[in-house]
Amino acid sequence: MKIRYFKGLFKTHSMRFISMEKVSGDYILVKMQAPYPIEWEAGQHGAFTLPGKKFKGRPYRAFSLASSPGEETLLIATRTGSTVSAFKQTMMKMQQGETIKMRGPFGWFVVQDDTSPIVMLAQGVGITPIRSLLYTLKDETSRPIHLIHSAKDFHLFSDEFKQLEQKNPEIKLTYVSDREEFKEALTAVASTYGSSAYYYVAGSFEAIRSIRSLLKGLKVKGKRIIYDPFFGY
Ligand SMILES: Cc1cc2nc3c(=O)[nH]c(=O)nc-3n(C[C@H](O)[C@H](O)[C@H](O)COP(=O)(O)OP(=O)(O)OC[C@H]3O[C@@H](n4cnc5c(N)ncnc54)[C@H](O)[C@@H]3O)c2cc1C
């Protein structure tokens, strides 16, 4: 772990809440604006609190930033599930101009070097930090950039990603909806790149465990795999 990954850990920012949008099923997008430019790396996450709001339960949630450092608006995306937690209920009712606090961004889920092929593996809402990475890498044409996104019913951000794929021949997107399809797609990519690529894996703890064992079976070295486990799912 490098010290630079945790540079943001002791910084808190009062963000201006801009909007909440329901996209499909129980997926929501939340946009906010920082009061000044914030230094951070694509793929990192923050710990969010809702100052002045009273509700039961844990007062904070970790969310990856789905926006990239180049974008003006900060974006997070989440799923509410069928029983919406008090935190998310409160966040969804926020009005434009209210304050949402963020500690961070920080974390290790960042681009590791400038040359290795990139394989991004996302399960469900684990696509959030991947969006951030993909926008940061969108103009890189010197190495292959593969995304395999597994989700049952809805692939968040797939429409906008298609445009990135059309503009950059190195970007390849694969969408799958079950474990077997995922395994097939991953086997094809891992057989091509093996341990020469970095593999960026994001999703629930269970999903990470399962992908890790697939990658191990495909003989990918552990040091080439970067994980972003979404504890809490
Ligand atoms: C680094 C990181 C990045 C994340 N990024 C995102 C993101 O971009 N989008 C997103 O939707 N979510 C993300 N999460 C998960 C997020 O923080 C919430 O835990 C998740 O959204 C569920 O929140 P909730 O309010 O719906 O449910 P909650 O009310 O928090 O709880 C749902 C269930 O999970 C259990 N639980 C809660 N916290 C934990 C924990 N830490 N460990 C084990 N069990 C727990 C609860 O007991 C409950 O049964 C991230 C988590 C981490 C650690």
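None of these values were measured; they are calculated from a predicted model. (Residues numbered from 1 in each chain as written. Predicted model: local features only at pLDDT ≥ 70, side-chain atom pairs only at ≥ 80, totals over all residues.)

Trainee: Which parts of the structure should I look at to understand the site of the ligand?
Mentor: In the neighbourhood of the ligand, 21 residues make up the surrounding shell, with Ala62, Thr78, Ser85, Thr128 and Gly232 lying closest. The set of elements that each furnish at least two residues to the shell around the ligand consists of β4 (60-64), β5 (74-79) and α1 (86-92). Here the residues of the shell around the ligand are counted per class, giving nine nonpolar, seven polar and five charged. Residue contributions to the shell around the ligand reach at least three from each of two domains, namely domain 1 (3-106) and domain 2 (118-229). (Near = placed C-beta within 6 Å. Helix = DSSP H or I, 4+ residues; strand = E, 2+ residues; numbered from the N terminus. Nonpolar A, V, L, I, M, F, W, Y, C, P; charged D, E, K, R; others polar. Domains from an automatic or database assignment.)

Trainee: Would you mind showing me how to read the sheet that holds β5 here?
Mentor: Strands in a sheet are paired, the pairing made by backbone hydrogen bonds, and the direction either parallel or antiparallel. Reading across from one edge, β4-β3-β6-β1-β2-β5 is the order of the six strands in this open sheet, with antiparallel pairing throughout. Single-partner strands in this sheet number two, and they are β4 and β5. Taken over all neighbouring pairs, the strand axes of this sheet differ in orientation by 40° on average, direction set aside. In this sheet, strand β2 (residues 27-33) lies alongside strand β1 (residues 12-24) in antiparallel orientation, the contact comprising seven bridges. Of the residues in β2, the one forming a bridge with Lys22 is Ile28. Lying on the sheet, helix α2 (residues 127-137) is in contact with β3 (45-49), β4 and β5; it crosses β4 at an angle near 40°. (Pairing = 2+ DSSP bridges. Axes fitted to C-alpha atoms, helices over the stretch in contact; angles between N-to-C directions. Contact = placed C-beta atoms within 7 Å.)

Trainee: Help me out: how do you make sense of the domain arrangement of the chain in this one?
Mentor: By a widely used convention, the size of an interface equals the accessible area lost when the partners come together. What the domain assignment reports for the chain is domain 1 (3-106) and domain 2 (118-229). On a C-alpha basis, the centroid separation for the pair domain 1 and domain 2 is 24 Å. Contact with domain 1, which involves 18 residues of that partner, is made by twelve residues of domain 2. Taken together, the elements giving at least two residues each to the side of domain 1 that touches domain 2 come down to β1 and β5.

Trainee: Is there a simple way to explain the pairing of strand β7 (residues 118-123) in this structure?
Mentor: Side chains on a regular strand alternate between the two faces of the sheet. Of all six residues that make up β7, six are buried, and the element is covered over most of its length. Residues of β7 alternate between two faces, with Ile118, Met120 and Ala122 on one and Val119, Leu121 and Gln123 on the opposite face, all of them buried. Alignment of β7 against strand β8 (residues 145-150), held across six bridges, turns out to be parallel. In the strand pairing of β8, Val119 is matched with His146. Taking the sense of rotation as the criterion, the β-α-β connection linking β7, α2 and β8 turns out right-handed. Here β7 runs beside strand β10 (residues 198-203); their pairing, made up of five bridges, is parallel. Bridge pairing links Ala122 to Ala202 in β10. (Buried ≥ 20, exposed ≤ 12 C-beta atoms within 10 Å, placed from the backbone. Right-handed = clockwise from strand over helix to strand, strands pointing away.)

Trainee: Before we go on, may I ask you to explain the sheet that holds β8 in this structure?
Mentor: Read from one edge to the other, the open sheet built from five strands follows the order β9-β8-β7-β10-β11, with strand pairing classed as parallel. Each edge of the open sheet is held by one strand with a lone partner, namely β9 (171-176) and β11 (225-229). For this sheet the average axis-to-axis angle between neighbouring strands, irrespective of direction, equals 10°. Pairing of β10 with β11, which is carried by five bridges, proceeds in the parallel orientation. Following the sheet pairing, Tyr200 is matched in β11 by Ile226. Running at roughly 155° to β7, α2 makes contact with β7, β8, β10 and β11 of the sheet.

Trainee: Looking at this structure, how should I read helix α4 (residues 179-193)?
Mentor: At 3.6 residues per turn, the α-helix brings residues three or four places apart onto the same side. Between its terminal C-alpha atoms α4 stretches 21 Å, which fits the 21 Å expected from 15 residues at 1.5 Å a residue. Looking at α4, one finds that the buried residues are Phe182, Leu186, Val189 and Ala190. Seen along its axis, α4 keeps its buried residues to an arc of 95°; they face one direction. Exposed residues on α4 whose side chains face more than 90 degrees from its buried face are Glu180, Glu184, Ala188 and Ser191. On its buried side, α4 packs onto β7, β8, β9 and α5 (205-217). Just downstream of α4 lies Gly194, where phi reads positive at about 50°. (Expected span 1.5 Å × (residues − 1). Arc of directions from axis to C-beta.)

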